[in-house]
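# Coordinate analysis (summary)
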Amino acid sequence: MRVAKLVEKNKIAVSEEEFCGVTGSDEVVIQVKAVGICGTDLHIFQGERDDVALPRVMGHELSGIVTEAGSSVTHLKVGDKVILDPVMACGVCSTCQKGHENVCDSVKCFGVQMDGGFQDYIRVPAKQVYRFPEHISFEEAALAEPFSVAANILSRAGACTEDSIAVIGAGTIGLSIVQAAKGLGARVLAMDISDTKLNKAKEFGADAIVNTKDTSFKDAVECFAPGGVDVIIDAVGISPFLEQCIDLAASYGRIMVISFDGRPAEIKPVSVTKKELSILGSRMNCRKMPMVVEWLEKEMIQPKKMISRTYVLQDIQQAFIDTIEHSDDNIKTIIRF
Ligand SMILES: [Zn+2]
Ligand SMILES: [Zn+2]
């Protein structure tokens, strides 16, 4: 089978390797059909993640077909069209026992700390695998993972129909949030510096879009929801934005933090107290794939419209370079198999 490995910074090599099938009774083999390139992959590619050892097969947004199933696997069979939940926790620590696997101390992600989807076949625990509806394409299904991230964020925020929601950044995650939040019936403001991305947000039902090159966050939010927004999500993820989010939130607002920025943010406790704000983190997803499959089934989300570029596996190196080069207007690049 073909395996695309990041062998050194900025260099992916495609090689032929032997593949051995199911070993564990609770495992399945997936023939990979489509994999999305995520911002995380781009960071790894450019050597910006020191927790990732090379060589590494990246890719955590994947879909495919089950080609083998272990003897104890009951919910999947050969031929099923599936997606992978890449969040792998230990399952036994107290955090996992309480049901918060995504924040397990030893949590790993396929394609990051373990090999992922940029290869013809992958062997994974069956419990990580979910079927998706027949009429959804593999390319669309590869976007289930970013939607699971959006599902986790909105569920942590307790977002509901009555809420006004502001999203900073209209990349894959921002646009996934816009669609999911509109599906909930909330009012949504999308902010970005790219008109292309903002027009997508509009297409996905955003009630207002603002280019923050021309208008400040403060003015944008004030105009959209005088007095502040109920939920504010920084999908760009830099610490100065967190300080602004505190000011832009309404009373009883929820501020969603999904950033891996290690720099400190200055927050005045009085602002949090006076408005009874909640500052909530959200990391990857915690068993949200079934929810996303339901969204796909109901056509509440439109993953197809988020695909900007597709490449075959042989051209993966070019796919990464083009995605980085066109970062201002590229939403999702898909590698097809
Ligand atoms: Zn991702
Ligand atoms: Zn654990």
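What you see is a predicted model, and the numbers here were worked out from it, not measured in a lab.

We note that the domain assignment places domain 1 (2–131 + 302–336) and domain 2 (150–281) within the chain. Between domain 1 and domain 2, the residue contacts involve eleven residues of the former and eleven residues of the latter. Both sides together, the interface formed by domain 1 and domain 2 hides about 900 Å², and carbon and sulfur atoms give 53% of it. For the domain 1 face of the interface with domain 2, the top three residues by lost area are Lys305, Met306 and Ile331, together amounting to 55%. At the junction of domain 1 with domain 2, the criterion picks out one salt bridge.

Mapped onto the fold, Met1 is located in the segment before strand E1 (2–8). Expressed as a C-alpha distance, the spacing of Met1 and Ser15, which sit 14 residues apart in the sequence, is 8.2 Å. For Met1, the residues in contact, after removing those within four places along its chain, are Ser15, Glu16, Glu17, Glu18, Phe19, Gln119, Asp120 and Tyr121.

Protein coordination at the zinc ion (ligand 2) comes from Cys90 (SG), Cys93 (SG), Cys96 (SG) and Cys104 (SG), with a distance range of 2.3 to 2.4 Å. Here the zinc ion (ligand 2) binds four donor atoms, and the angle range of 106 to 116° at the metal identifies the geometry as tetrahedral. Each donor residue of the zinc ion (ligand 2) lies on the same chain, and together they follow the pattern C-x2-C-x2-C-x7-C. On the basis of relative accessibility, which here comes to 6%, the residue Cys96 falls in the buried class.

Moving on, we get to the side chain of Ser164. Within the secondary structure, Ser164 sits in strand E10 (residues 164–168). Residue classification places Ser164 among the buried residues on the basis of a relative accessible area of 7%.

Time to look at the packing of helix H4 (residues 144–157) against helix H5 (residues 172–184). Look at H4 against H5: their axes get within 8 Å of each other, and the N-to-C directions meet at 55°. When the interaxial angle is binned, H4 and H5 end up oblique. Between H4 and H5 the crossing geometry is right-handed. For the pair formed by H4 and H5, the contact residues are Pro146, Phe147, Val149, Ala150, Ile153 and Leu154 on the first element and Thr172, Ile173, Ser176, Ile177, Gln179, Ala180, Ala181 and Leu184 on the second. Among the residues making up the contact of H4 with H5, the classes are represented as eleven nonpolar, three polar and no charged.

A word on the coordination of the zinc ion (ligand 1). Under perfect tetrahedral coordination by four donors, a metal shows angles of 109.5 degrees; under perfect octahedral coordination by six donors, it shows angles of 90 or 180 degrees. Of the protein atoms, only Cys38 (SG), His60 (NE2) and Glu61 (OE) coordinate the zinc ion (ligand 1), at distances of 2.1 to 2.5 Å. The motif formed by the donor residues of the zinc ion (ligand 1), counted along the single chain, is C-x21-H-E. Placement of Cys38 in the loop between strand E3 (27–37) and helix H1 (39–45) and of Glu61 in strand E4 (residues 61–69) is noted, with a sequence separation of 23 residues between them. For Cys38, a relative accessible area of 14% translates into the label buried. The class of Glu61 is buried, set by a relative accessible area of 1%.

This part is about the nonpolar core. Proteins that are soluble and globular tend to have nonpolar side chains buried together. One finds Ile83, Leu154, Ile165 and Ile233 to be the most contacted residues of the largest nonpolar core, which totals 47 residues. Those elements that provide at least two residues to this core are helix H3 (138–141), H4, E10, H5, strand E11 (187–192), helix H6 (195–203), strand E13 (229–234) and helix H10 (289–298). Ranked by the residues each element gives to this core, the list is headed by H4, at eight residues. Residues from two domains meet in this core; each of domain 1 (2–131 + 302–336) and domain 2 (150–281) gives at least three. Setting aside anything within four residues of it in sequence, one finds Ile233 in contact with Ile153, Leu154, Ile165, Ala166, Val167, Ile168, Ile177 and Met256.

The subject of this paragraph is unusual backbone geometry. Looking along the chain, the bond that leaves Leu54 and enters Pro55 is cis, with omega of 0°. Mapped onto the secondary structure, Pro55 falls in the loop between H1 and E4. Phi is positive for Asn10, close to 65°, though the residue is something other than glycine. Considering the arrangement of structural elements, one finds Asn10 in the loop between E1 and strand E2 (11–16). Judged by its relative accessible area of 36%, Asn10 is partly exposed. The backbone of Met284 shows a phi angle near 45°, a positive value even though the residue is not glycine.

What counts and how
Residues numbered from 1 in each chain as written. Chains lettered and ligands numbered in written order. Predicted model: local features only at pLDDT ≥ 70, side-chain atom pairs only at ≥ 80, totals over all residues. Heavy atoms only, no water. Domains from an automatic or database assignment. Contact = heavy atoms within 4.5 Å. Buried area = accessible area lost by both parts, 1.4 Å probe. Salt bridge = Lys/Arg side-chain N within 4 Å of Asp/Glu carboxyl O. Helix = DSSP H or I, 4+ residues; strand = E, 2+ residues; numbered from the N terminus. Donors = N, O, S within 2.8 Å, 3.2 Å for Na, K, Ca; no water. Tetrahedral: all angles 85-135°; square planar, octahedral: opposite > 155°, others 65-115°. Buried < 20%, exposed > 50% of the residue type's maximum accessible area, 1.4 Å probe, protein only. Axes fitted to C-alpha atoms, helices over the stretch in contact; angles between N-to-C directions. Parallel < 35°, antiparallel > 145°, perpendicular 65-115°, else oblique. Left-handed = near helix turned anticlockwise from the far one by under 90°. Nonpolar A, V, L, I, M, F, W, Y, C, P; charged D, E, K, R; others polar. Core = buried A, V, L, I, M, F, W, Y, C linked by side-chain atoms within 4.5 Å.

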